[in-house]
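Structural overview
Here's the letter readout for the chains.
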Amino acid sequence: MSAEAGYNFGYLDENTKRMIRRALLKAVAVPGHQVPFGSREMPLPYGWGTGGIQVTASVIGPDDTLKVIDQGADDTTNAVSIRRFFARVAGVATTERTGEATVIQTRHRIPETPLREGQILVYQVPMPEPLFRLEPRVAETKRMHALADYGLMHVKLYEDIARHGHVAISYNYPVMVADRYLMSPSPIPAFDNPKLHRMPALQLFGAGREKRIYAVPPYTDVRSLDFEDHPFRPVRADAPCALCGSRESYLDEVVTDDRGGRMFVCSDTDYCNTRQAAATQEAAE
Amino acid sequence: MPTTDTPLGLTPGFADPVLGAQGCFRALLDAMAGPGRPQRIAGLALPPPPLSAASAAALLTLADADTPVWTDAGAVAEAWLRFHAGCPLVADPAEAVFLLVTGTPPRLATLAQGSEEEPHRSATLLVQVAGLQEGFGWHLTGPGIEHAHRLRVEGLQADFTTQWAANRAGFPRGVDVVLCAGEWLAALPRTTRIEEG
């Protein structure tokens, strides 16, 4: 596949890529710290993954294979359009298989298939600041990060436990990176949080509207905030996948009619399809 | 001496500026994400003396008009950087975003460290060394390293590890280092712990 004429490789101009690349290297050097960058206007609106796209565009090369997922699915509008965008402006190969991809751009999920060393996972982040609901002033949150003063977040978790008996955060569950920085893992389900911990792949986070980049290098400690007597518990719907029967994967609840009918299916389409294909093959043999 | 085939006496930059920079950046990103693991840089055939292919390519990839550079590499290299990267060259190491050192590096403590609130506003120090060898020497641990990486660096000043320990103690402030030898480079982000092996 070749890139469309009239665009620079990867859409962004070289000055912009250089600026983003410098931000990425500093982000990797200070894991979990939000590095500001000059986010550009992209040919799609904020909220559609402009931060992730700019990171991907600065990282990707002609030998890469790109996978894009939206809530775990390869076949949703956002995923399909971003994949097509990079096929057009960078001429890169694309795939839906987690194992074949070298760069994976994701919105709100981590693939079920464990990632390996050398792969890069790029997250689309709507709000990089984990403290923004508790402290709206950016100058103040910057100071709190500088002092590693995260008491406010612990109070929030404590109040959740006092009020509901458990921490009532099911996605975007705050994490501590390398025992230093409080970080938003982007709105992935809390179920995915344990996968962040010591992941062999490099994790890059891009927030286009908020103009921040941050990163977690491979094999870095990432702990979900909790208390000794209320340890972090990832939540999963108590059902097998209706299509592949998995009891380990994260499930979406799908309403099937207007009489209360519903089914649970894997949110990761590649994982589910691979398992279904394997089951069909096994049955045929 | 490399051939000087341009009227200015300059050697060329990347054969392909876009993909050359992309390939070099990925090597730098891999190096930063895997401290102490040497990465090979391709795409720059004729670095200006006395620069190595890796250090010249790294600056060409990262430096531009927004990033003041300090170097001790002399007039030929300075002219090459001015022309190809368009970066301002500064006399005071403390003002530089990137430093390219061919001799003895300035003390890490004298370079831009960033602030507690903005630790990313710190210098990146590129040091040309005689050799990089994986599997021997230093024991490196920290983010990006599963158990331990080992790296032997030839031609670095003796008290570097002492300076590095002080640099690490100031986290999140601190300087990041890229060691360059020939076509190879290895990175030491400020999070990496060095123990003499």
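The numbering scheme is per chain: residues are counted from 1 as the chain's sequence reads. To label them, take the chains in the order written and letter them from A, then take the ligands in the order written and number them from 1. Note on the predicted model: pLDDT of at least 70 is required for a residue's local features to be given, and 80 or more for side-chain atom pairs to be given and counted; whole-chain, interface and lining totals, by contrast, use all residues. Note: side-chain values were computed over all heavy atoms of the structure, leaving out hydrogens and water.

Chain B goes by Phosphonate C-P lyase system protein PhnH in an unreviewed UniProt entry, where it is assigned to Siccirubricoccus deserti.

Going by an unreviewed UniProt entry, chain A carries the name Alpha-D-ribose 1-methylphosphonate 5-phosphate C-P lyase and comes from Siccirubricoccus deserti. UniProt positions are given in the numbering used here, feature names are shortened, and annotations may be inferred rather than shown by experiment. Check the Function (unreviewed entry) section of the UniProt entry for chain A; it says "Catalyzes the breakage of the C-P bond in alpha-D-ribose 1-methylphosphonate 5-phosphate (PRPn) forming alpha-D-ribose."

Residues and elements named next belong to chain A. Classification of residues uses two cut-offs on accessible area relative to the type maximum, computed with a 1.4 Å probe and protein chains only: under 20% is buried, over 50% is exposed, and between them is partly exposed. Only runs of H or I of at least four residues qualify as helices and only runs of E of at least two qualify as strands under DSSP, and these elements are numbered from the N terminus. The element strand 8 (residues 202-207) is extensively covered by neighbouring structure, given that six of its six residues are classed as buried. Of the pairings in the sheet, the one linking strand 5 (residues 120-124) to strand 8 comprises five bridges and is parallel in character. Of the residues in strand 8, the one forming a bridge with tyrosine 123 is phenylalanine 205. Where strand 8 and strand 9 (residues 212-216) come together, five bridges link them in antiparallel fashion. Directly across from phenylalanine 205, in strand 9, lies its bridge partner tyrosine 214. Counted along the chain from strand 8 to the antiparallel partner strand 9, the turn is four residues long, and its residue lysine 211 has a positive phi close to 60°. In this analysis, strands are considered paired if DSSP registers two or more bridges between them.

In an α-helix, one turn spans 3.6 residues; hence positions three or four apart end up facing the same way. All names here are of chain A. To estimate how far a helix should reach, multiply one less than its number of residues by 1.5 Å. Under the 1.5 Å per step criterion, the end-to-end length of helix 7 (residues 269-284) is 22 Å for 16 residues, consistent within 8% with the ideal 22 Å. The contact rule is simple, with two residues in contact once any of their heavy atoms fall within 4.5 Å. Taken together, the buried residues of helix 7 touch strand 2 (65-70) and strand 12 (262-266). Identification of polar contacts relies on pairs of N or O atoms within 3.5 Å, with a donor-acceptor requirement for protein atoms, meaning one able to donate a hydrogen and the other able to accept it, and with residues adjacent in sequence counted only if both atoms are side-chain atoms. Here helix 7 starts with a cap whose side-chain oxygen sits 3.2 Å from the backbone nitrogen of aspartate 270, and that cap is aspartate 268.

So, on to the environment of alanine 45 of chain B. By secondary structure assignment, the location of alanine 45 of chain B is in the loop between strand 1 (39-40) and helix 2 (53-62). Between the C-alpha atoms of alanine 45 of chain B and glycine 137 of chain B, which are 92 residues apart in sequence, the distance is 30 Å.

Note that histidine 120 of chain B resides in the loop between strand 3 (98-101) and strand 4 (124-128). Within polar-contact distance, the side chain of histidine 120 of chain B engages the side chain of histidine 33 of chain A at 2.8 Å. With residues near it in sequence (within four places) discarded, histidine 120 of chain B still touches Lys26, His33, Gln34, Val35 and Pro36 of chain A.

Right, let's talk about the pairing of strand 7 (residues 176-181) of chain B for a bit. Residue and element names in this part refer to chain B. Most of strand 7 is tucked away, with six of its six residues classed as buried. Residue alternation in strand 7 divides its side chains into two sets, Asp176, Val178 and Cys180 and Val177, Leu179 and Ala181, and both sets are buried. Note: strand 4 against strand 7, five bridges, orientation parallel. Bridge pairing in strand 7 places leucine 125 opposite valine 177. Adjacent in sequence and paired antiparallel, strand 7 and strand 8 (residues 184-188) are bridged by two residues, among which glycine 182 carries a positive phi angle near 60°.

Counting buried positions along helix 2 of chain B yields 10 of 10 residues, so the element is predominantly enclosed. Those residues of helix 2 of chain B that fall on the buried side of the exposure criterion are Ala53, Ala54, Ser55, Ala56, Ala57, Ala58, Leu59, Leu60, Thr61 and Leu62 of chain B.

Right, let's talk about the interface of chain B and chain A for a bit. Tallying the contact residues gives 38 residues for chain B and 40 residues for chain A. Buried area, as used here, totals the accessible surface that two parts lose on assembly, with accessibility defined by a 1.4 Å probe and the loss added over both. Buried area between chain B and chain A, summed over both chains or domains, comes out near 3,100 Å², and the portion from carbon and sulfur atoms is 62%. Each salt bridge in this description consists of a side-chain nitrogen of Lys or Arg and a carboxyl oxygen of Asp or Glu lying within 4 Å of one another. If you look at where chain B meets chain A, you find seven salt bridges. Between arginine 37 of chain B and glutamate 117 of chain A there is a salt bridge; the shortest N-O distance is 2.7 Å. Run the count over chain B and chain A and you get 16 residue pairs in polar contact (both at pLDDT 80 or more). Within the residue set of the side of chain B that touches chain A, elements represented by two or more residues are helix 1 (17-33) and helix 2 of chain B. Here the side of chain B that touches chain A takes 11 residues from helix 1 of chain B, the largest share from any one element. Three residue categories are used. Nonpolar comprises Ala, Val, Leu, Ile, Met, Phe, Trp, Tyr, Cys and Pro, charged comprises Asp, Glu, Lys and Arg, and polar comprises the others, including Gly. Here the residues of the side of chain B that touches chain A sort into 20 nonpolar, eight polar and 10 charged.

So, on to the sheet that holds strand 7 of chain B. Residues and elements named next belong to chain B. Strand order in this open sheet of six strands is 1-8-7-4-3-2, and the pairing throughout is mixed. Edge strands, defined here as strands with exactly one partner in the open sheet, are strand 1 and strand 2 (69-71). Examined bridge by bridge, strand 7 and strand 8 share five bridges and lie antiparallel to one another. Each residue of the ladder has a partner; that of cysteine 180, found in strand 8, is leucine 185.

Next up on the list: the environment of phenylalanine 264 of chain A. Residue and element names in this part refer to chain A. Along the chain, phenylalanine 264 turns up in strand 12. Residue phenylalanine 264 is classed as partly exposed on the basis of its relative accessible area, which comes to 24%. When the C-alpha positions of phenylalanine 264 and glutamate 253 are compared, they lie 4.6 Å apart, and in sequence the two are 11 residues distant. Among residues more than four places away in sequence, those in contact with phenylalanine 264 are Ala237, Ala239, Pro240, Cys241, Ala242, Leu251, Asp252 and Glu253.

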